[in-house]
Amino acid sequence: MYCGIDLGTSSLKVVLIDEDDRLVASAARPLALKRPHPGWSEQDPAAWWSACTAALDELKEAAPAALAAVRGIGLSGQMHGAVLLDAADRVLRPAILWNDGRAMAECAAFEAACPESRRLSGNLAMPGFTAPKLLWVRGHEPAVFAATRSVLLPKDHLRLHLTGEKVSEPSDAAGTLWLDVARRDWSEPLLAACGLDRAAMPRLVEGSAASGRLRAELAARWGMAVPPVVAGGGGDNAASACGVGAVGPGAAFVSLGTSGVLFVATDRFLAAPERAVHSFCHALPGVWHQMAVILSATASLEWLAAVCGRSVAALVADLPEAEAGAPFFLPYLSGERTPHNDSSLRGLFAGLGAEQGAGDLARAVLEGVAFALRDGRDALAAAGTEIHDLIAVGGGARSRPWLQILADALEREIDMPADPSAGAALGAARLGRLAAEGAEPAAVCRPPELRARVTPDTLGVSLADDRFRRWRRLQEAAKELAQTPEGA
């Protein structure tokens, strides 16, 4: 039996799978997001650990024999978050998350301090990454920075609770801007640009390797006679790739979670920072990947549902048909990454008419997210990476209408997994299995059984092409609106 723990932005999920890769049990706990100032996004790391123990306690009640038989645990988590610890490993401030935009000015300062940053990290400095956050803390909270002795990523802070070890792995570490991605090791020049050194960083292991064992008292709490191995694990997207078998060169998926991602695996480090394409390590040794990332996918739909006072399910239950005169939506609620790298961008509705209602707005949101991902597809193509067929993961991947809109916008076939657990939590459990057994990754990280294949519709593609061209013209308006007025 194997356990996967996925620390997301809106919830923490735990799954148990057996030796045949079948889901045996699962549990989840919601997580709250705090936005103390416009553009900020924070969470309390103590809430992550509380959610983790509560979910595992639930599994102890629901499936005690299965939990007791766990041999390997894998971790997956939201990337880029900064957990700052003092000399006694106490958390110094709330974690600054991946969708926090406060550190835009610090990005330029970071690249100026290390002119080789793009070559070494393979990425543009973006405010969501970890390194600019530390520069912001150094400038705005100097006492906190002076007390900082360790910096951990979210899932790795869970690992510290689980094992007592400070360990990370290359797929998540690549999102800090402190990793030499080609070498899969910390970079002294990148760390020095933030006033840090290797002593502040966790030890690195590969995602499929052992990082430690579950602490004896926790193993006893959950009925495990032998403390299971805890794998290095992976950042959420790399773990999702392990969950859907996207581990060989060219294998790709689209994720419709809080953020949206187009992911393609590569057999070597391929950097394209000028396109705001992410170039990271995979969770498996000897594999890398590229990503186009948008910041608000299901987050956009959840925002609209909250504004309308309706559930997401009710909002999308009766979508109108696509038409040329429908309203448009730019999903830049928290700024944007690929291809803009602009935290000041904000969302925009356009083309509204008095005859339109919540359903029209919902369809505009689904289409707007699809068009933002099309921008990402084009950025990947310009960087030399073509995406062919895709597997869909994330909460939004359960919506066939949304996948049809996306298939038409991307002009790509999209597969829907039969098992909705396919994704980061399953990938984490598979990494736990690899660490416990030493099996071949290709034998464990297999593609899932499919429920359906969504094929682009000829008329839908034609309409999407026309609307995409008009949608892109709205981006200039959004950029102009985002500019600070003179004298403000």
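Structure's up top.
As the structure is a prediction and not an experimental result, all values here were calculated from the model.

Participant: Explain the nonpolar core residue by residue, including any values.
Facilitator: Ranked by internal contacts, the top residues of the largest apolar core, which has 58 residues, are Phe-110, Leu-134, Trp-178, Leu-196, Met-201 and Phe-253. The dominant element in this core, judged by the number of residues it contributes, is helix α5 (residues 130-140), at 5 residues. Apart from the residues lying within four places of it in its own chain, the contact partners of Phe-110 are Ser-117, Ala-125, Ala-131, Leu-135, Leu-177, Trp-178, Leu-190, Ala-193 and Cys-194. In this structure, Val-365, Ala-397, Met-416 and Val-454 belong to the second largest nonpolar core, which totals 55 residues.

Participant: Got a sec to walk through the packing of aromatic side chains? Specific residues and values, please.
Facilitator: Geometrically, a pair of aromatic rings is defined through the distance of the ring centres and the angle of the planes. Overall, the coordinates contain 9 aromatic pairs when judged by the stated rule. With 6.1 Å between their ring centres and 65 degrees between their planes, Phe-129 and Phe-280 make a pair best called edge-to-face. Highlighted residues: Phe-129 in the loop between α4 (117-121) and α5 and Phe-280 in strand β18 (residues 278-281), separated in sequence by 151 residues. Grouping residues by exposure puts Phe-129 and Phe-280 together as buried. Centre to centre, the rings of Phe-371 and Trp-471 are 5.6 Å apart; their planes meet at 65 degrees, and the pair counts as edge-to-face.

Participant: Help me get a handle on the environment of Arg-472, residues and values and all.
Facilitator: On the secondary structure map, Arg-472 appears in helix α18 (residues 458-482). For the pair Arg-472 and Thr-266, spaced 206 residues apart in sequence, the C-alpha separation works out to 29 Å. At 3.4 Å, the side chain of Arg-472 forms a polar contact with the side chain of Asp-375.

Participant: Please provide a residue-by-residue account of the environment of Glu-106, values included.
Facilitator: Following the sequence through the fold, Glu-106 ends up in helix α3 (residues 104-113). Spatially, the C-alpha atoms of Glu-106 and Ser-311 are 38 Å apart, while their sequence positions differ by 205 residues. Residue contacts for Glu-106: discarding those within four places in its chain leaves Pro-132, Leu-135, Trp-136 and His-140.

Participant: Pulling in residues and values, what's your account of the packing of α3 against α5?
Facilitator: Helix packing geometry: the angle between the two helix axes and the distance between the axes. The N-to-C vectors of α3 and α5 enclose an angle of 105 degrees; their axes lie 8 Å apart at closest approach. As far as their axial angle goes, α5 and α3 are roughly perpendicular. Between α3 and α5, the contacting residues are Glu-106, Cys-107, Ala-109 and Phe-110 on the first element and Ala-131, Pro-132, Leu-135, Trp-136 and His-140 on the second. In terms of residue class, the contact of α3 with α5 is built from 7 nonpolar, 1 polar and 1 charged.

Participant: Explain the pattern of salt bridges to me, using residue names and the numbers behind them.
Facilitator: Summed over all chains, the structure comprises 36 salt bridges. For the salt bridge of Asp-156 with Arg-159, the shortest nitrogen-to-oxygen distance reads 2.8 Å. Of this pair, Asp-156 and Arg-159 are both found in helix α7 (residues 154-163), 3 residues apart, which corresponds to roughly one turn of the helix. For the salt bridge of Lys-479 with Glu-476, the shortest nitrogen-to-oxygen distance reads 3.9 Å.

Participant: Explain the side chain of Ser-240 residue by residue, including any values.
Facilitator: Take Ser-240: it is sitting in helix α11 (residues 236-244). Judged by its relative accessible area of 7%, Ser-240 falls in the buried class. Residues contacting Ser-240, with those up to four places away along its chain left out, are Phe-253, Val-393, Gly-423 and Ala-424.

Criteria and cut-off values
- Residues numbered from 1 in each chain as written.
- Predicted model: local features only at pLDDT ≥ 70, side-chain atom pairs only at ≥ 80, totals over all residues.
- Heavy atoms only, no water.
- Core = buried A, V, L, I, M, F, W, Y, C linked by side-chain atoms within 4.5 Å.
- Buried < 20%, exposed > 50% of the residue type's maximum accessible area, 1.4 Å probe, protein only.
- Helix = DSSP H or I, 4+ residues; strand = E, 2+ residues; numbered from the N terminus.
- Contact = heavy atoms within 4.5 Å.
- Phe/Tyr/Trp six-rings, centres within 6.5 Å; stacked < 30°, edge-to-face > 60°.
- Polar contact = N/O pair within 3.5 Å; in protein donor to acceptor, adjacent residues only side chain to side chain.
- Axes fitted to C-alpha atoms, helices over the stretch in contact; angles between N-to-C directions.
- Parallel < 35°, antiparallel > 145°, perpendicular 65-115°, else oblique.
- Nonpolar A, V, L, I, M, F, W, Y, C, P; charged D, E, K, R; others polar.
- Salt bridge = Lys/Arg side-chain N within 4 Å of Asp/Glu carboxyl O.

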